[in-house]
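What follows is the residue order along each chain.
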Amino acid sequence: MLETTYKPADIEAKWYETWERAGAFACGRRSGNAARTDGAPFTIVIPPPNVTGSLHMGHALNNTLQDILVRQARMTGHDVLWQPGTDHAGIATQMVVERQLDAEGQSRHSLGRAAFIDRVWTWKAQSGDTIIAQLRRLGASCDWSRTRFTMDDGLSAAVRRVFVTLYREGLIYRDKRLVNWDPLLQTAISDLEVEQREEPGKLWTFRYPLEEQPDRFVCVATTRPETMLGDTAVAVHPDDERYAGLVGRRCILPIVGRPIPIVADSHADPEKGTGAVKITPAHDFNDFEVGRRHGLAMINVLDARACMNENAPERFRGLDRYEARDAIVAELRALGLLERVEDHAMALPYGDRSGVVVEPWLMDQWFVDAGTLAGPAIEAVEDGRTRFVPEQWTRTYYEWMRNIQPWCISRQIWWGHQIPAWYGPDGAIFVAETEAEAMAAAVETYGKAVDLRRDEDVLDTWFSSALWPFSTLGWPEPTPELARYYPTDVLVTGFDIIFFWVARMMMMGLHFLDAAPFRTVYIHALVRDEKGQKMSKSKGNVIDPLDLIDRYGADALRFTLTALAVQGRDVKMSESRVEGYRNFCTKLWNAARFCRMNDAGPIAGFDPATALEPVNRWLIAKLARTIEEVTAALAAYRFNDYANGLYHFVWATFCDWYLEFAKPLLMGGSAAAQSETRAVAGWAFDQILCLLHPVVPFVTEELYAQMADRGGAVLVDEAWPVAIGLPIDANAEAEIDAAVRLIATVRTMRVDSNVPPGARIPLLLRPNDGGAMAVQVDRDRALIESLARVESVQVLSGEPPKGSVQSVCDGTTIVLPLAEIIDVGAEKARLKRELGRLEDEIARLNRKLANPAFLAKAPAEVIATDRGRLEAAAQAVTKLGEAARRLAEL
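No experiment lies behind these values; they were computed from the predicted model shown.

Novice: Explanation requested: the overall build of the protein chain in the structure shown.
Specialist: Across its full length, the protein chain holds 28 helices and 29 strands. Taking 29 Å as the expected radius of gyration for a compact globule of 890 residues, we find that the protein chain reaches 36 Å, considerably beyond that expectation. Each of the three principal axes of the protein chain carries a C-alpha extent, and together these read 115 × 65 × 50 Å. Sorting the 890 residues of the protein chain into buried and exposed places 54% on the buried side. For the protein chain, the proportion of contacts with a sequence separation of at least 24, taken over those separated by at least 6, is 77%.

Structure, rendered in structure tokens:
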């Protein structure tokens, strides 16, 4: 028997354990009840959360949407693989363990590399699966038996194979280039891991004396005086006539005394500053390119800690970059070479993890030729093999891919995939999948065995993540899973990792398997607080999804996130919304209790087409339309329309109207009507549970078990409802819809007129001029009397009694004689408000229909609908005006 109160904590863990024991989430199985066609595969790979992670609201949204898709796919007969796993998160994980060591008075360097890596693995074994357990609490139905980790043996083998292959194809190379160097983390980071922050700064203009003419100067402006010690040129624009006579000459770099050339280059902007710019190729990305074009020396004056190195004059060596800045400016001022100082707003590059200003730093690193790999990835989207939903993200993808730069993939940390490259005594590089292969190649090169030194760097975390769709399926081995489940069907992810991850998976999948890794990329928005602000600890507005699950249940959280997941619009989250959707789950629970108490349960072999009662045929038609609408919504990734369509049907159509309509039939109808109504209610409720299961799996599974003896079957294996074959009785729909509108109008009139809830008053209906009424009074009189709380329903042939209030519904005037009950003044005010609303509506529709742009673009049916609304509003104003005049006589 169903408990009186819905308590999610009592059912959620129970059912998740049941599903797992039954292997309900495993790929390759055939669900017991699901109507399968060809059992075609349906595959989603989870965006692997960091092994350091804990479930946040973004995870909750992302995984809820994925779970909806895979649960529905199972119910539609697909062989579903939702591939789970976690990411080793190189820098983030290393930082966690290093903080632990620091608290113990140790460091990774005091442990040594091997011991430190062992320590990280120990931490991973103890704490690394926290987020997996949290995803289970959310209800995620991944095939956990296939859980992978980006540094497990199989994925590590895939990483080595990809690296070696790309190296041999010339698409991975080692080069001395500028990288984003994080002086706190002591590693290079990618452009995508750098965030620009606007801050106030200074612009210093210095005088550089011309060689052999110390009384003449070239004035250059800079925001970074500390890097001037590495200047190797001054650039001016080729068309800048002010400097035409200086191109080819040299000036003297102050403090250092080094002659540097004056070159003509379009990088210099004649409209900016003095038009002359200092060129420091080792410390600025634009200057680096200028240096390459002109063959300039590249002098690095900073060390890994962002302190001045041995290339700076001795008095500056060891100074922090900002200390050196002050010292250099002071010395140039003393030399009379400081022209001016101005306030200057500037964007500074910060490491997104360390929070310190990163340095463009010249060093040897490993790079991927991303430009070459990007070509096929762009074509795959252009020709429709992969599509973005919403489509607007296609432009973002193109913009980045068509301007892609070489990808620096080496990181100077210890936790991660160590680069499979070894160096010989003379610096020769041997790239191989194993040390034995590298040694063999060295013997072939040197003619004898030599000592090799392995590259100490590790790969960017996103390198291994880029292989996720196929490495998790066993590649590079030709596994049956790879043949069956690749390419995947859809990727569900946030827009913030389109560049980090989506683009790189596209490049790698196309290069190594000649197929884009997914057919659809669904991009969801951010989850923000109820005011639309980004959640952050500093603002104190972070909402913990686990707290919400504890208070309201996983189903309430899932439904909230789904109902708010409008394409292209951020989710504004609040606890009150979750509470509201918990109430929806309670409504569903109470509907189940009503059905059980009235013996309305599923009947084997029941055919909805046999139903005869108009109310039952009305419900069947409404359900058929709902099935079509919500199925189409999911197919189009309109998750909010799916959730809100079901919310409206369950709350309003089924609970508020149908169950109320069913009560008279169940309690006082004929035996046939009672039997039919029980069967329809039980059948419809089963269909509702199936439709809702992907979004609220726990409560629906519990109710499915409680509604009938299922012989061990579970809802997770049920078939998805289909509308084909369900009768849609347009006459029954029209009849009951008219009754619903009439009853709703009467209820509103009673409330607006302050009629006591228990008062039973006559309901008088006056037909329109044609004499017809949409509502079937004779057949539906009992329903109307019961639900509208009126003592009788009569058709009025003459004038309404004095002291009546009136309204209009479907062209029929509704009359309630209330002279002895109502507050006349309040009723006059109500009519005035209603007349005002209708007049505003008429004005709005008139403006709309007089707008040439609207008439030119709007479909004909939309224009016709608006004209019909205008006519109906005008008629309603006329009738309400008459009612107001009659009320004035009271």
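Novice: I tried to follow unusual backbone geometry on my own but got confused; where do I start?
Specialist: For residues that are not glycine, phi is negative in most cases, and the peptide bond is trans in most cases. Each neighbour pair has its own omega, and for valine 389 with proline 390 the value is -5°, a cis peptide bond. Residue position: proline 390 is located in the loop between strand E15 (387-389) and helix H11 (392-401). The amide bond that connects tryptophan 475 to the next residue, proline 476, takes the cis arrangement and shows omega of 20°. Within the secondary structure layout, proline 476 lies in the loop between helix H14 (468-471) and helix H15 (480-485). Positive phi values are uncommon outside glycine, yet alanine 89 reaches one of about 50°. Inspection of the secondary structure assignment puts alanine 89 in the loop between strand E3 (85-86) and helix H3 (90-103). A relative accessible area of 4% means that alanine 89 is categorised as buried.

Novice: I tried to follow the sheet that holds strand E16 (residues 407-408) on my own but got confused; where do I start?
Specialist: Whether parallel or antiparallel, the strands of a sheet pair through hydrogen bonds between backbone atoms. The antiparallel open sheet is built from four strands, whose spatial order is E6-E5-E14-E16. A strand with exactly one partner marks an edge of an open sheet, and here the two such strands are strand E6 (187-189) and E16. Bridge analysis of strand E14 (residues 359-368) against E16 gives two bridges, and the strand direction is antiparallel. Each bridged residue has a counterpart across the sheet, and for phenylalanine 367 the counterpart in E16 is cysteine 408.

Novice: Whenever I open this one, the packing of aromatic side chains confuses me. Can you help?
Specialist: Two aromatic rings are characterised by how far apart their centres lie and by the angle between their planes. Under the defined criterion, the tally for this structure stands at 37 aromatic pairs. Ring geometry for phenylalanine 470 and tyrosine 486: centres 6.2 Å apart, planes at 90°, overall edge-to-face. Of the two residues, phenylalanine 470 sits in helix H14 while tyrosine 486 sits in the loop between H15 and strand E22 (488-494), which places them 16 residues apart along the sequence. Exposure remark for phenylalanine 470: the relative accessible area of 0% places this residue in the buried category. Tyrosine 486 gets classed as buried once you look at its relative accessible area, which sits at 9%. Here the aromatic cluster, defined as three or more aromatic residues joined through ring pairs, consists of Phe163, Tyr167, Trp366, Trp407 and Phe463. Here arginine 177 stacks its cationic end above the ring of phenylalanine 367, 5.7 Å away from the centre of that ring. For arginine 402, the ring lying beneath its charged end belongs to tyrosine 398, and the centroid distance is 4.1 Å.

Novice: Explain the side chain of threonine 394 here, please?
Specialist: Summarising the element assignment, threonine 394 is placed in helix H11. Not counting chain neighbours up to four residues away, the residues in contact with threonine 394 comprise Val381 and Phe388.

Novice: Quick question: what am I supposed to make of the nonpolar core here?
Specialist: What tends to happen in soluble globular proteins is that the nonpolar side chains get buried as a cluster. Formed by 199 residues in total, the largest nonpolar core has its most connected members in Phe463, Met573 and Phe654. The dominant element in this core, judged by the number of residues it contributes, is helix H21 (residues 639-668), at 15 residues. When residues no more than four places from it in sequence are discounted, the contact partners of phenylalanine 654 are Ala591, Cys595, Leu619, Phe649, Leu659, Ala681, Ala684, Phe685 and Ile688. The next biggest cluster of nonpolar side chains, apart from the first, holds 37 residues, and it includes Leu229, Tyr243, Leu337 and Cys408.

Novice: Sorry, what's going on with the sheet that holds E22 here?
Specialist: Spatial ordering of the open sheet is given by E15-E23-E22, a layout of three strands whose pairing is parallel. Every other strand in the sheet has two partners, leaving E15 and E22 as the edge strands with one partner each. The average undirected angle you get between the axes of adjacent strands in this sheet is 20°.

Novice: Help me out: how do you make sense of the pattern of salt bridges in this one?
Specialist: One side chain can pair with another of opposite charge once the charged atoms of both are near each other. Inspection of every chain in the model, using the stated rule, returns 53 salt bridges. In this structure, arginine 519 engages aspartate 489 in a salt bridge whose closest nitrogen and oxygen atoms are separated by 3.3 Å. Here arginine 519, found in strand E23 (residues 518-524), pairs with aspartate 489, found in strand E22; they are 30 residues apart in sequence, far enough to count as distant. Overall, the relative accessible area of 18% leaves aspartate 489 in the buried class. Among the salt bridges present, the one from glutamate 733 reaches lysine 622, with a minimum N-O distance of 3.5 Å. Pair noted here: glutamate 733 is in helix H24 (residues 730-752) and lysine 622 is in helix H20 (residues 614-635), with a separation of 111 residues, a long-range link. Taken together, the salt bridges that share partners define one network made up of Arg224, Glu226, Arg321, Arg325 and Glu359.

Novice: Looking at this structure, I do not really get the side chain of arginine 71. What am I missing?
Specialist: Note that arginine 71 resides in helix H2 (residues 57-75). Look at arginine 71 and you get buried, because its relative accessible area is 1%. Within the structure, arginine 71 has its side chain in polar contact with the side chain of histidine 693 (distance 3.1 Å). Setting aside anything within four residues of it in sequence, one finds arginine 71 in contact with Trp19, Phe25, Gly139, Ser141, Arg558, His693, Pro694, Pro697 and Val716.

Conventions we followed
- All residue numbers refer to position in the chain's written sequence, counted from 1.
- Side-chain atom pairs in this predicted model are given and counted only at pLDDT of 80 or more, local residue features only at pLDDT of at least 70, and totals for whole chains, interfaces and linings cover all residues.
- Each side-chain value is derived from all of the structure's non-hydrogen atoms; neither hydrogens nor water enter the calculation.
- Helix numbers and strand numbers start at the N terminus; a helix is a DSSP run of H or I with at least 4 residues, a strand a run of E with at least 2.
- Atoms considered for the radius of gyration are the C-alpha atoms alone. The globule rule reads 2.2 Å times the number of residues to the power 0.38.
- Only protein chains enter the area calculation, which uses a 1.4 Å probe; residues under 20% of their type maximum are buried, those over 50% are exposed, and those in between are partly exposed.
- Should any heavy atoms of two residues lie within 4.5 Å, those residues are counted as being in contact.
- A pair of strands is considered paired only if DSSP assigns at least 2 bridges between the two.
- Each Phe, Tyr or Trp ring, with Trp reduced to its six-membered ring, pairs with another whose centre is within 6.5 Å; inter-plane angles below 30 degrees give stacked pairs, above 60 give edge-to-face pairs, and intermediate values give tilted ones.
- Should the NZ of a Lys or the CZ of an Arg lie within 6 Å of a ring centre and within 35 degrees of the ring normal, that charge is described as sitting over the ring.
- By convention a nonpolar core is built from buried Ala, Val, Leu, Ile, Met, Phe, Trp, Tyr and Cys residues, the set being connected through side-chain atoms within 4.5 Å.
- Lines fitted to C-alpha atoms define the axes, with helix axes restricted to the stretch in contact, and inter-axis angles between N-to-C directions lie between 0 and 180 degrees.
- What makes a salt bridge here is a side-chain nitrogen of Lys or Arg within 4 Å of a carboxyl oxygen of Asp or Glu, nothing more.
- Residues adjacent in sequence count toward polar contacts only when both atoms are side-chain atoms; beyond that, a polar contact is any pair of N or O atoms within 3.5 Å, and within protein one must be able to donate a hydrogen and the other to accept it.

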